[in-house]
Amino acid sequence: NLSDKLDKAFHILKGHGKITEVNVAETLKEVRRALLDADVNFKIAKDFTTRVKDKAIGQNVLTTLQPGQLLVKLVKDELTELMGGDVAGINLSGHPTVILMSGLQGSGKTTFSGKLAHYLKTKKNKKPLLVACDVYRPAAIDQLHVVGGQIGVEVYSERDNNNPVSIAENAIKHAKSNGFNVVIVDTAGRLAVDEEMMNEIANVHKAIQPQETLFVVDSMTGQDAVNTAKAFNDRLDFDGVILTKLDGDTRGGAALSIKSVVNKPIKFVGTGEKMEAIDVFYPSRMAERILGMGDVVSLVERAQEQFDEEEARKLQKKIAKNEFGFDDFLTQIQQVKKMGNMKDLVGMIPGASKAMKDVEIEDDAFKHIEAIIHSMTPKERSKPSIIDVKRKNRIAKGSGTKIEQVNQLMKQFDQMSKMMKMMQGPGGKNLMKMMGG
Ligand code: GDP
Ligand code: MG
């Protein structure tokens, strides 16, 4: 996997006390190898490393305080460029706007059609119409109706018509006369690329002239994804790519490869089976994900919005002096709560999303924690090590929790304190600085 390989590449840098031209070159060779293995075209991979190297030399990487980090940043910036640089918007200029979905069976077209309709309805104030053009499986039409029902969006289907072109045309007529301003056409896919499917989708495409033709691809399919993207693009000249199932173990190497092969922007990603699991694609965030840094940028952005700088400074001092206690923990929780949904936040912490994949995080996950801390004496809060079994029992009773929960919190707290101390080290300094410390 690309991330592991890049990890390995950067490991070379981390392993050396001093960065030299030799190990920068070595690292970049590893990076190039990793890109090649992830199906990035040879020339693109070569240009990529050349650009990073030129920049590294230009910025005198070797003379900076943290050359390893700077090099990682240069690689991240180039990866971002490789994936399109900026966010690619969706063209909603039509009357109505027609959006055509293409892709193999099982890639997530029907699910994504629903997600997009939901997104346009709730975030863009649109009135979308979903159209069922998968005429081969009656179950496919039912599926779209279920999706439409979930999000309160009308679904247009013709059960006794097996011509997707005329269904799509009729749907657009229906949209025009009923005030729908976006028409999302869900189509049939096959398990593999074949002529019949390609002809069919090309015919629909020609007939309805969509503003947006989107190619939907399962991000877990690797090399196949790239070939499929190429085949569809050759016939449809599509406008954008949708990467689905990014909630799995994949870290998004496909994003890199697809973009570099078809040179079309990735517009959205799917991150789950629910209708809300849709995100606008941010190349820079994906670059971080590929590099295994988690979505640090989003986390920092959100933290910056909410974090009280003064508070952060005080906190940093306390951590440095080893005085971080449960009262500070409570303050942290309040800060985190202001930042928003816990699940999102956890997903942004490098490594944490994987570790916590199976843990259910409730929105009021902090309720018990707060109750437990409130049941401690001020002295216990500042020096948790004095809490013995007897007191733990009392605290559990006082907070209406179980002793296991108290134990668990104490353990978590211990881990957190350790982590915070680590954040004081070379790697974490910048994060703390960015957070206003
Ligand atoms: P289609 O054949 O292209 O229309 O694909 P579907 O929309 O029917 O999706 C195929 C399967 O993938 C279904 O079980 C979906 O629930 C699932 N699926 C679609 N998108 C996602 C996603 O972003 N994440 C996850 N985990 N599953 C997804
Ligand atoms: Mg489908």
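Residues numbered from 1 in each chain as written. Chains lettered and ligands numbered in written order. Predicted model: local features only at pLDDT ≥ 70, side-chain atom pairs only at ≥ 80, totals over all residues.

## Examining the overall build of the chain
Each helix and strand counted, the chain has 21 helices and eight strands in total. Within the chain, counting contacts between residues at least 6 apart in sequence, those at least 24 apart form 73% of the total. (Helix = DSSP H or I, 4+ residues; strand = E, 2+ residues; numbered from the N terminus. Contact = placed C-beta atoms within 7 Å.)

## Some remarks on the packing of helix H7 (residues 164–177) against helix H8 (residues 195–208)
Contact pair H7 / H8: the axes reach a minimum separation of 9 Å and the direction vectors enclose 30°. Classed by the angle they form, the pair H7 and H8 counts as roughly parallel. Here H7 runs over H8; the crossing is right-handed. Between H7 and H8, the residues in contact are Pro164, Val165, Ala168, Glu169 and Ile172 and Glu200, Asn203, Val204, Ala207 and Ile208, respectively. In terms of residue class, the contact of H7 with H8 is made up of seven nonpolar, one polar and two charged. (Axes fitted to C-alpha atoms, helices over the stretch in contact; angles between N-to-C directions. Parallel < 35°, antiparallel > 145°, perpendicular 65-115°, else oblique. Left-handed = near helix turned anticlockwise from the far one by under 90°. Nonpolar A, V, L, I, M, F, W, Y, C, P; charged D, E, K, R; others polar.)

## Brief notes about the site of ligand 1
Taken together, 17 residues are adjacent to ligand 1, and Gly108, Lys109, Thr110, Thr111 and Gly270 come closest. No other element matches the three residues that helix H5 (residues 109–123) contributes to the shell around ligand 1. Classifying every residue of the shell around ligand 1 by side-chain character gives one nonpolar, twelve polar and four charged. (Near = placed C-beta within 6 Å.)

## Quick word on helix H6 (residues 138–151)
Over its 14 residues, H6 runs 21 Å from end to end, which matches the ideal 20 Å to within 8%, given 1.5 Å per residue. Within H6, the full set of buried residues consists of Ala140, Ile141, Leu144, Val147 and Gly148. Seen along its axis, H6 keeps its buried residues to an arc of 120°; they face one direction. Facing away from the buried side of H6 by over 90 degrees, the exposed positions are Pro138, Ala139, Val146, Gly149 and Gln150. Check the buried side of H6 and you find it contacts H5, strand S2 (128–133), strand S3 (155–156) and strand S4 (182–187). (Expected span 1.5 Å × (residues − 1). Buried ≥ 20, exposed ≤ 12 C-beta atoms within 10 Å, placed from the backbone. Arc of directions from axis to C-beta.)

## Considerations on the pairing of S2
With six of its six residues buried, S2 lies for the most part within the structure. Residues Pro128, Leu130 and Ala132 of S2 are buried on one face, and the alternating residues Leu129, Val131 and Cys133, pointing to the opposite face, are buried as well. Summarising the sheet, S2 and S4 pair through six bridges and their orientation is parallel. The partner of Leu129 across the bridge, within S4, is Val183. A crossover links S2 with its parallel partner S3, the connecting element being H6, and its sense is right-handed. (Pairing = 2+ DSSP bridges. Right-handed = clockwise from strand over helix to strand, strands pointing away.)

## A short note on the sheet that holds strand S5 (residues 212–218)
Read from one edge of the open sheet, eight strands run S3-S2-S4-S1-S5-S6-S7-S8, paired in mixed fashion. For this open sheet the edge positions go to S3 and strand S8 (278–280), each flanked by a neighbour on one side alone. Strand contacts of H5: strand S1 (97–102), S2, S4, S5, strand S6 (240–244), strand S7 (266–270) and S8, with the helix running at about 170° to S4, the strand carrying the most contacts. Across the sheet, H7 touches S1, S2, S3 and S4, and the angle it forms with S2 is around 165°.

## What about the nonpolar core?
Core analysis: the largest hydrophobic core is formed by 78 residues, its most contacted members being Val131, Val183 and Val185. Each of domain 1 (2–82) and domain 2 (97–290) contributes no fewer than three residues to this core. By size, the runner-up hydrophobic cluster in this structure holds nine residues, among which are Ile369, Ile372, Ile373 and Met376. (Core = buried A, V, L, I, M, F, W, Y, C linked by C-beta atoms within 7 Å. Domains from an automatic or database assignment.)

## As for H5
The first and last C-alpha atoms of H5 sit 20 Å apart over 15 residues, in line with the 21 Å expected at 1.5 Å per residue. In terms of burial, H5 is largely enclosed, as twelve of its 15 residues are buried. Looking only at H5, the buried set comprises Lys109, Thr110, Thr111, Phe112, Ser113, Gly114, Lys115, Leu116, Ala117, His118, Tyr119 and Leu120. Directly beyond the C-terminal end of H5, a positive phi value near 60° is found at Asn125.

## A short note on the pairing of S4
Counting buried residues along S4, six of its six residues qualify, which places the element largely inside the surrounding structure. Residues Val182, Ile184 and Asp186 of S4 are buried on one face, and the alternating residues Val183, Val185 and Thr187, pointing to the opposite face, are buried as well. Bridge analysis of S1 against S4 gives four bridges, and the strand direction is parallel. Bridge assignment links Thr97 to a residue of S4, and that residue is Val182.

## Observations regarding the environment of Leu129
Considering the arrangement of structural elements, one finds Leu129 in strand S2. C-beta crowding within 10 Å serves as the criterion here: with 25 such atoms nearby, Leu129 is assigned to the buried category. Each C-alpha atom of the pair Leu129 and Ala175 lies 6.9 Å from the other, and the pair is 46 residues apart in sequence. In this view, Leu129 contacts Glu154, Tyr156, Ala171, Ala175, Phe180 and Val183; residues no more than four positions away in its chain are not counted.

## Points about the confidence of the model for the chain
The predicted model of the chain has a mean per-residue pLDDT of 80, with 73% of residues at 70 or higher. Note that pLDDT drops below 50 for residues 294–305; the model gives that stretch 29 contacts with residues more than four away or on any other chain. Taken as a whole, residues 426–437 scores under 50 in pLDDT and shows 19 contacts with residues more than four places along the chain or in a different chain. The ipTM value of the predicted complex is 0.99, and its pTM value is 0.65. (pLDDT = per-residue confidence, 0-100.)

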